[in-house]
Each structure stands twice: as structure tokens, then as C-alpha cells.
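# Chain and residue survey
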Amino acid sequence: MSEYITLKDNRDFSRLYKRGKSFVSPVLVTYILKNKSDNLRFGITTGKKVGKAVKRTRARRVIRAAYYELYPNIKSGYDFVFVARGKTPYAKSQTICCAMKKHLKAAGVLKEG
RNA sequence: UGAGUGUAUUGAACAGCUGCGGGCAAAAUCCGAAAGGAUUUGUGCGAGGAAAGUCCGGGCUUCACAGAGCAAUAAUAACGGCUAACGGCCGCCGGGGGCGACCCCAGGGAUAGUGCAACAGAAAAUUACCGCCAAUUUUAUUGGUAAGGAUGGAAAGGUGAGGUAAGAGCUCACCGGAGGACGGGAGACCGCCCUGCCGUGUAAACCCUAUUUGAAGCAACACCGUGGUAGGACAUAUAACGCUUGCUCGGCGUGUCCUUAGGAGGUGGCAUCGAGCAGUUUUGGUAACAAACUGCCAAGAUAGAUGGCUGUUCACGACAGAACCCGGCUUACAGAUACAGUCACACC
RNA sequence: GCACCCGUGGCGGAACUGGCAGACGCGUAUGGUUCAGGUCCAUAUUUUCGAGAGGAAGUGCAGGUUCAAUUCCUGUCGGGUGCA
């Protein structure tokens, strides 16, 4: 089993869309909500608007890579949902990583230092 | 040299660091009574020619089934072969296109029947409006006639000659079509001869003929299956509480165990053996393909694995991501390479 | 995986037994009515060439059948629906 926990149920996604804080940038949308456990959980949404299968997988991979890079610096006890947008498959991972860092910083879930 | 045709192959390469999903191996640690599981380490593997569209054909699975028939807005449609099978492929015939290499074609039946052919035109399937000819009589009527005019996509085989009152396959020659005989071919069909003069088109209108199709699909299906549901057995101080009638008895709810089917979830199906892939190979065949020999078979997830960063090279990278598995078809696609023909120009 | 439906002017939506494509409504533009606006009335309104008369193209796209296709057939692209 991997150390990364993913969200699977539609229930969890809808809860984040409804009650979570959202942050928007041209390549990424982030929803953040506290959960009751000590774990960090995340999910990725790539809708039909992003493109066909190749573009959707590409978007998913880039977002996942960015999340793995930031993972050690995130405080525990939060759920995240990342939504890909039309430009995501064409962006470099550093761009995504920058955007995600900005979002998480604004939400105050990054560890100090 | 330029233009164009067909067939086949290929679908950027290399190195380092760091990640992801399976397989195998052994050791160590942890959990567990055990079976086993988790972590770490090593090793090797990890998207396509279309993985796509889901348009066909199978394998596999479950259901149905004595045999036959009917139905279906079902599919196919010259002939011969190949194939496990096909609506696919190869060859060939007929038709069409191109100077040519070559390419394209749903290509059965209209004397089984029914329907339709707008407008125009006299008439759209047994047709006479104008015209032509004859007769009567007188300026109209009757009869003959499909050569000419006009309409139309299409006007009753076409062209020419004879013939006639005028005309007409009425007669003849050639062409086209139909029927028949002979010859060639495995066959579609082709060649040639004779008869003879024939009511148009549409079946991608209904239809007729021939052939094929039992139904559904891996979310199939098989196994396990907390809770809850249904059925049965037992238990109880005949205890407590609630309901059933105010009371008593009785019954139900209650507890334990067993059984049937089964939703969520899990495991198998599922991935190394198959109609498998490859070959400057051999044999048969024009070819599709078949046979023999040699070699190789390491994606297998379950919210769904190939990413990120750095560097180098070049033609600066298109279309695009496996989801039970195969054989085709169709569609998308930057380019690169090889082979075999063709045409034009120039030179020898 | 299986079954099926729909694409027509700027928008909705007719024309479906093959026979003049754009009926009808909305919107838009111009003019009239009004002191002004609305309402109402009239005209125009697929694109393109043309001074005009008129010509050409055109029913998602590409082909085919037919004398003739929005209609019939095949392929394809896009959008949508149902079942498991």
C-alpha cells in the first residue's frame, strides 16, 4: 500500500465542492477542507472538458507529480481535491507546482520554513 | 531530372537522479496459533498502429432448446477460391474512369404482382394535338398513319435503302436487345451462327428469389458473503417490558443455533500456450494462403500504473492511452525508409 | 458493453407518400404612428457575384441510387437519450 491516500467516493468529492475553500488559477483549481483524522487525503478530477483520454491522463500525472513534491511540507489533517482545466495538459510541472504552492500557502496548510 | 501509381516497414535516440504498477528470488524485521500478510533489498518487465469508432466475424460464459415452421424497418447479393469464421481477403468476369502504372462499382429479379413518374406535353403505358394521306361533303366529319413538329430525364429499338395513297420491322443490310444451337472455359462469361422484330424507367419504393442469424453479454458468469430479510428448531424464573380487550389464558415482538436465496464489499474469470508472433529459410500455389523447420512469448490495473527534473544529438517529434481475448473493416496521423511498375523531358 | 435518437437562415421550429427549400413565431434593420418611448402598422432579412435583370452555391460533412434527394442508402463528424 502506498503512503498516499486517495479519495474515491463521490460523497467525499461533493462534500469538498460544497463546503471546501476554493482557490483558482489558470491551470488548476484547488478545494481544501479539514478532515477528522490525522491523514492527508487527495483526489484529482479531470473532466471531459480537458480533452480526450491522452490529455486527461497527462493532466492527472502532472498534478500528481506536483502533489508528491509538496507532500512532505503539508500539515496533516486535510482533504484536497484538484481539478484540471483546459490548459493543464500543456503546462509544465513547475507551473502546476507553483500554482499549487500558492494555493496551499493561501490556505495556511504548509508547514513553516 | 520532374510528376504520378501500388505494396511493405517504421512511428526520435541516449545517459543520470527521483517516483508509479505487476512478476520472480532470497534474506532480515514486524504482525499472526497457523496458513499467510506487510515493509526493506535485489533482479528483470511495463500501451498502439491505430490501443479509437463499435461496423462485422469468432473464442469464452450463462440461459433456452425433440423436430420443424413463421416473423423481423435484420444482413448479404456476378463467378471461383482462401479462412476457424465473416458482410473480410485473393484471383477472375462484366461495367466505368485515367495518356499510362493503376483505381472505382450494393454488380440477382422490371413477361409473379402492386405502386410511382411532379411541371410541361395530345399522350408517361395499349397514346393521334399539329401535320401527312384518302373518302365524304364542304371547310368540318370519318378512316388510315408514328416519317416530321412541339414537351420532357424518358415518346414505343437506332441508321440507311427499298416499299407505299401517306406511312410503318412491312421487307432487307449493319448495330443494339431477346430466344436457341455449336465451340472454348472449373465457372461468371466469351466467340460464332441461326431465328425473329420485341411496351420506358424506378426494386438504395413495396416486393420476389437465394443464403445466413436461438438470446444475451466479463457490469457475462463462478465462489465467499458483516448487517438486514425469509423459513425452521430450541430456550426462559413461565422473570421483566410493550402490543393484542379492562382481567386471565393464549399469541406476537425478545435470546441462541441451523438452513435457503442474496444487495454492499471481496476473490476468481485475468494474462506465458493462443485459429499466437517472427524468419534474406524450404516446398506447393498467379495470389490470398497452406505445410515443414528454427527461434521467441516478461503490460495486466480496478477511480484505474510509464510521470517529474537535468544534460546531449537530430529531420525538433503527428494522431493518440490497454480494461476478457483474437481475425478483419472504417476513421485520425508530422514525417522517414525500402522495393516494383508508369508518364514526360534530356543525353548516349 | 448493448440499444436508439437528432443535426435546416442569428434563435426556436415547419417542409418527410422523393417534385418551387426556408412556412410560422422570435429577434434584427429601416420607415410610419407619438412631444418621446412602448404598443401597433408596413417593408426587408441564407450567403455570394452583379448597377440592374438575373446567375451561382446552400439542409453537419463525403459519396452513391434516381430524370430529380432536406426526404432513400452507405460511410463519417458532432450532440443527446435509455438499459445493465
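In what follows, the structure referred to is the one given above.
The residue numbering used here restarts from 1 in each chain and proceeds along that chain's sequence as written. Chain labels run from A onward and ligand labels from 1 onward, assigned in the order the entries are written. Reporting of local features is limited, given that this is a predicted model, to residues whose pLDDT is at least 70; pairs of side-chain atoms are given and counted only at 80 or more, and all residues count toward the totals for whole chains, interfaces and linings. In computing side-chain properties, one takes all heavy atoms of the structure into account and sets aside hydrogens as well as water.

### Quick word on the sheet that holds strand S5 (residues 78–84)
Quick reminder of the rule: Two strands pair under a simple rule: DSSP has to find at least two bridges between them. Here a helix means four or more residues in a row that DSSP labels H or I, a strand means two or more in a row labelled E, and each is numbered from the N terminus.
Spatially, S1-S4-S5-S3-S2 is the arrangement adopted by the 5 strands of the open sheet, whose pairing is mixed. What marks the edges here is a single partner per strand, and that holds for strand S1 (5–6) and strand S2 (21–25). Examined bridge by bridge, strand S4 (residues 41–45) and S5 share 5 bridges and lie parallel to one another. When the sheet's bridge partners are listed, Phe42 is paired in S5 with Phe80.

### Some remarks on the packing of aromatic side chains
Put simply, the test is: Only Phe, Tyr and Trp rings take part, Trp by its six-membered ring, and two of them pair if their centres are within 6.5 Å. Stacked means planes under 30 degrees apart, edge-to-face means over 60, and tilted covers everything else. Burial status follows relative accessibility: with a 1.4 Å probe on protein chains alone, a residue under 20% of its type maximum counts as buried, one over 50% as exposed, and anything between as partly exposed.
Going through the model one piece at a time under the given rule, you end up with 8 aromatic pairs. Considering the side-chain rings of Tyr67 and Tyr68, the 6.4 Å spacing of their centres and the 55° angle between planes classify their relative orientation as tilted. Of the residues examined, Tyr67 reaches a relative accessible area of 1% and is grouped as buried. Its relative accessible area of 33% is what places Tyr68 among the partly exposed residues. An aromatic cluster of three or more residues is present, and its members are Phe42, Tyr67, Tyr68, Tyr71, Phe80 and Phe82.

### Focus: the pattern of salt bridges
For clarity, the threshold we go by: Salt bridges are defined as contacts in which a side-chain nitrogen from Lys or Arg sits within 4 Å of a carboxyl oxygen from Asp or Glu.
By the definition in use, this model includes 2 salt bridges. A salt bridge links Asp79 to Arg15, with the nearest nitrogen and oxygen atoms 3.0 Å apart. On the criterion of sequence distance, the pair formed by Asp79 in strand S5 and Arg15 in helix H1 (residues 10–19) is long-range, its members being 64 residues apart. What makes Asp79 buried here is its relative accessible area of 0%. Put simply, Arg41 and Asp79 hold a salt bridge, and the shortest N to O gap is 2.9 Å. Taken together, the residues Arg41 in strand S4 and Asp79 in strand S5 connect sequence positions 38 residues apart.

### Quick look at the nonpolar core
Rule in force here: Side-chain atoms within 4.5 Å are what join buried Ala, Val, Leu, Ile, Met, Phe, Trp, Tyr and Cys residues into a set we call a nonpolar core. In what follows, a contact means two residues having at least one pair of non-hydrogen atoms within 4.5 Å.
Judged by nonpolar contacts, the single largest core of 28 residues is most densely connected at Ile63, Tyr67, Ile74, Phe80, Phe82, Met100 and Leu104. Of all the secondary structure elements, the ones that give two or more residues to this core are strand S3 (28–34), S4, helix H2 (53–70), S5 and helix H3 (93–107). No other element matches H2, which puts 6 residues into this core. For Ile63, the residues in contact, after removing those within four places along its chain, are Leu28, Ile44, Phe82, Ala84, Thr88, Ile96 and Met100. Grouped together as the second largest cluster of nonpolar side chains are 8 residues, Tyr31, Leu33, Val81 and Val83 included.

### As for H3
To keep things clear, this is the line we draw: In this analysis, the expected span of each helix is defined as 1.5 Å times one less than the number of residues it contains. Throughout, the arc means the angular range of directions from the helix axis out to the C-beta atoms.
Taking 1.5 Å of rise per residue, 15 residues should cover 21 Å, and H3 covers 21 Å from first to last C-alpha, within 8% of that figure. Of all the positions in H3, only Ile96, Cys97, Ala99, Met100, His103 and Leu104 are classed as buried. Within H3, the buried residues cover an arc of 165° as seen down the axis, which keeps them to one side. Projecting away from the buried face of H3 at angles above 90 degrees are the exposed residues Gln94, Cys98, Lys102, Lys105 and Ala106. The secondary structure elements touched by the buried residues of H3 are S2, S3, H2 and S5. Phi turns positive, to about 75°, at Gly108, one or two residues after H3.

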